[in-house]
Amino acid sequence: MAEFLVALAEFDRERLWLQLGHASLFSYLHHDLQLSNAAAHYRKVAAGLIQKFPEVVEPLRQGKLCLTSVADLARVITPENCAQVLPRFFYRSKREAREVAVEI
């Protein structure tokens with residue numbers, strides 16, 4: 001999954017979905033790849049997060065960071081707090097990640 005997300009981040013960075021007739025990465029994921037709204041959303045958020053914070057790639061590869069916790073991480077991570085915040089999301093479920101985000 002991590003390698004797909006890295007490739008998706010590059011696909012989004014280059015806005016290649018435009019060449020395929022889509023207005024957004026979400027539209028491409030939902031319509032061409034036929035992902036559900038939720039699945040497309042999580043992957044879109046993860047691709048954006050990878051573009052802004054390449055530090056998330058290795059935890060995704062290692063299984064420390066779950067795709068469903070990425071949405072909450074994306075809401076609270078900043079360049080200033082990345083080193084402190086990122087590890088707080090390791091091995092967290094979606095519910096646990098939401099609780100961590102609320103704390104932050």
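Before reading further, recall that the structure is shown in the block above.
Counting from 1, residues in each chain are numbered in the order their sequence is written. Where local features are concerned, this predicted model is filtered to residues with pLDDT of at least 70; where side-chain atom pairs are given and counted, the filter is 80 or more; whole-chain, interface and lining totals use all residues. To obtain the side-chain values, all non-hydrogen atoms of the structure were included, while hydrogens and water were left out.

1. What to know about the pattern of salt bridges
Just so we agree on the cut-off: Should a side-chain nitrogen of Lys or Arg be within 4 Å of a carboxyl oxygen of Asp or Glu, the pair is scored as a salt bridge. Every helix listed is a DSSP run of H or I at least four residues long, and every strand listed is a run of E at least two residues long, numbered separately from the N terminus. Buried, partly exposed and exposed residues are distinguished by accessible area as a fraction of the type maximum, computed with a 1.4 Å probe on protein chains only: under 20%, between the cut-offs, and over 50%, respectively.
Tallied over the entire structure, the rule returns 7 salt bridges. Ionic pairing is found between Arg75 and Asp72, a salt bridge with its closest N-O pair at 2.5 Å. With a gap of 3 residues between them, Arg75 and Asp72 both fall in helix H6 (residues 67-76), about one helical turn apart. In this structure Arg75 comes out as exposed when scored by relative accessible area, which is 56%. Ionic pairing is found between Arg95 and Glu99, a salt bridge with its closest N-O pair at 2.9 Å. In this pair, Arg95 and Glu99 both sit in helix H8 (residues 94-103), 4 residues apart, roughly one turn of the helix. Given a relative accessible area of 55%, Arg95 falls into the exposed group.

2. A short note on the nonpolar core
Just so we agree on the cut-off: What is meant by a nonpolar core is a set of buried Ala, Val, Leu, Ile, Met, Phe, Trp, Tyr and Cys residues, joined one to another through side-chain atoms within 4.5 Å. Whether two residues are in contact is decided by their heavy atoms: any pair within 4.5 Å suffices.
Of all hydrophobic cores here, the largest spans 35 residues; its most connected members are Leu25, Val56, Leu60, Leu65, Leu73 and Phe89. Those elements that provide at least two residues to this core are helix H1 (2-13), helix H3 (25-32), helix H4 (37-52), helix H5 (57-62), H6, helix H7 (82-85) and H8. Ranked by residue count, the leading element in this core is H4, at 7 residues. Look past the residues within four positions of Leu73 in its chain and what remains in contact with it is Leu49, Val56, Leu65, Val85, Leu86 and Phe89.

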